[in-house]
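A structural walkthrough
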Amino acid sequence: MKIIRKVQEMIDFSETNHQQDKLIGFVPTMGFLHQGHLSLMKLIRDQVDVLIISIYVNPKQFGPQEDFKKYPRDEQRDINLVKPLVDVVFIPESDDIYPPRYDTFVQVEELSKPLCGKSRPGHFGGVTTVVARLFGIVKPDIAVFGQKDYQQSLIIKRMVEDLNLGVKIQVGPIIREPDGLALSSRNIYLDEQQRKRAQEINQGLALGEKLMKQGETDIDQIISAMTELISGHDLNIEYLEILDSSNLQEVSSMTEQVIIAAAVLVDNIRLIDNRLVDVDRKLEE
Ligand code: AMP
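Here's a quick rundown of the structure.

About the cut-offs
- Residues numbered from 1 in each chain as written.
- Predicted model: local features only at pLDDT ≥ 70, side-chain atom pairs only at ≥ 80, totals over all residues.
- Heavy atoms only, no water.
- Helix = DSSP H or I, 4+ residues; strand = E, 2+ residues; numbered from the N terminus.
- Buried < 20%, exposed > 50% of the residue type's maximum accessible area, 1.4 Å probe, protein only.
- Contact = heavy atoms within 4.5 Å.
- Areas by Shrake-Rupley, 256 points an atom, 1.4 Å probe, with all protein chains shown as cover.
- Lys, Arg positive; Asp, Glu negative; His and termini not counted.
- Charge placed at Lys NZ, Arg CZ, Asp CG, Glu CD.
- Near = heavy atom within 4 Å.
- Polar contact = N/O pair within 3.5 Å; in protein donor to acceptor, adjacent residues only side chain to side chain.
- 1 Å grid on protein atoms, 1.4 Å probe; cavity = no way out; pocket = protein on both sides within 12 Å on 5 of 7 lines; lining within 4 Å.
- Sits in = over half its atoms within 2 Å of the grid points.
- Nonpolar A, V, L, I, M, F, W, Y, C, P; charged D, E, K, R; others polar.
- Pairing = 2+ DSSP bridges.
- Axes fitted to C-alpha atoms, helices over the stretch in contact; angles between N-to-C directions.
- Salt bridge = Lys/Arg side-chain N within 4 Å of Asp/Glu carboxyl O.

Quick notes on the overall build of the protein chain
Per the secondary structure count, the protein chain includes 9 helices and 9 strands. With the C-alpha coordinates of the protein chain rotated into their principal frame, the extents come out at 55 × 40 × 35 Å. Taking all 285 residues of the protein chain together, the buried fraction comes to 54%. Counted over contacts in the protein chain with a minimum sequence separation of 6, partners at least 24 positions apart contribute 72%. For the protein chain, the exposed area adds up to about 13700 Å²; of that, 47% sits on carbon and sulfur atoms. Side chains of the protein chain give 33 positive and 44 negative charges; the mean places of these two sets differ by 5 Å.

As structure tokens, this is what we get:
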């Protein structure tokens, strides 16, 4: 396994591999890796000749009051974790990703507006900007993103299609703790008592899914049942919405695939989670 820290070295490496007709797979991350990240790497390991991951905590996707400075980082641990799985770990420096003359911003408009776009203004513009730049450097044939950040995966797909970037995007399922809490680098912030309360986020989403599959079609009813469960455990809901999974618009009927998406504050720790539900498939079937 190779560690590359320089943008130009990464460009040269990918170019050489493309010249040899090698298929390049890519998993961008912000590090502090867990089994969710590793699942994305395993998902494409056998589909590609060269598997590259990046570790880069992108300042452009954090708001001024957010946790950029204290975002968990442990480079050596990350490297040891991925060693058996990947060919290259790309760990660029910020002044190489955004050199002094850097002046481009990439924005997917409509899909960036709802959900996290409302509560984290500027976040998705930061994400698409860095992912576009990383794609330009790594030039992957396939890149993998997690359903955990469902809105992000839709936005990246839209960007790739709109700009004809020629990267195939795959989306891997959400990996969870045994009690259902979605794995996240930010779970490290939770103390024991907060960690216990946090599992109710998944419980709430599961309740919503169950009600829908039992035939409940009143979205307000479903939302209020989920809200009661989640808020009842001293959690603060930032958003909890049921939207069309293809475009994040409000759903007009319950005969489509929907996404139940939540952002919840466990005290001051913000966690997101979601569930894709095929409403046509009822439990009793
Ligand atoms: P991050 O390091 O948080 O930027 O995440 C890097 C990639 O890992 C993103 O595509 C995330 O959606 C994905 N990811 C994060 N958590 C999980 C999880 N629990 N299961 C699957 N993928 C995940």
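So, the site of the ligand
The local shell around the ligand holds 17 residues, among which Met30, His37, Gly146, Asp149 and Leu183 are the closest. Contact distances for the ligand include 2.6 Å between an oxygen atom and a side-chain N or O atom of Asp149. Across the complex, the protein chains shield 92% of the 490 Å² of accessible surface that the ligand would expose by itself. Given that more than half its atoms are within 2 Å of the pocket grid, the ligand belongs to the largest cavity. Put simply, the parts of the chain that give the shell around the ligand at least two residues each are β2 (24–29), α2 (35–45) and β5 (142–146). Top element by residues in the shell around the ligand is α2. It accounts for 3 residues. When the residues that make up the shell around the ligand are grouped by side-chain class, the tally is 9 nonpolar, 6 polar and 2 charged.

A look at the sheet that holds strand β9 (residues 269–278)
Whenever strands of a sheet pair, they do so through backbone hydrogen bonds, lying parallel or antiparallel. Strand order across the open sheet formed by 3 strands is β7-β8-β9, with antiparallel pairing between neighbours. Each edge of the open sheet is held by one strand with a lone partner, namely β7 (236–244) and β9. On average, each strand axis in the sheet is inclined to that of its neighbour by 10°, with strand direction left out of account. Alignment of β7 against strand β8 (residues 257–266), held across 8 bridges, turns out to be antiparallel. Within the sheet, the bridge partner assigned to Ile242 lies in β8 and is Ile260. On the sheet, helix α8 (residues 192–213) packs against β7, β8 and β9 and is oriented at approximately 20° with respect to β9. Sheet contacts for helix α9 (residues 219–231): β7 and β8; angle to β7, the most-contacted strand, approximately 150°.

Concerning the sheet that holds strand β4 (residues 88–90)
Taken in spatial order, the 6 strands of this open sheet run β1-β4-β3-β2-β5-β6, and their pairing is parallel. Every other strand in the sheet has two partners, leaving β1 (2–4) and β6 (168–172) as the edge strands with one partner each. Averaged over all neighbouring strand pairs, the angle between strand axes comes to 25°, with direction disregarded. Inspection of the sheet shows strand β3 (residues 50–55) paired to β4 by 3 bridges, in the parallel sense. Residue pairing across strands places Ile53 opposite Val89, the latter belonging to β4.

Some thoughts on the pairing of β8
Within β8, 8 of the 10 residues are buried, leaving the element largely enclosed by the surrounding structure. In this structure, β8 lies alongside β9, joined through 10 bridges in antiparallel fashion. Looking at the pairing, Ala261 lines up with Asn274 of β9. Counted between consecutive antiparallel strands, the loop separating β8 from β9 contains 2 residues, among which Asp267 sits at a positive phi close to 55°.

What to know about the pattern of salt bridges
For the structure on display, the rule yields 17 salt bridges. Here Arg77 ties to Asp78 by a salt bridge, and the two come within 3.5 Å at their closest N and O atoms. One salt bridge connects Arg195 with Asp179, and the closest N-O pair in it is separated by 2.9 Å. Remark: Asp179 occurs in the loop between β6 and α8 and Arg195 occurs in helix α8; sequence separation between them is 16 residues. Exposure remark for Arg195: the relative accessible area of 22% places this residue in the partly exposed category. Each of Arg158, Glu161 and Asp162 takes part in one network of salt bridges that share partners.

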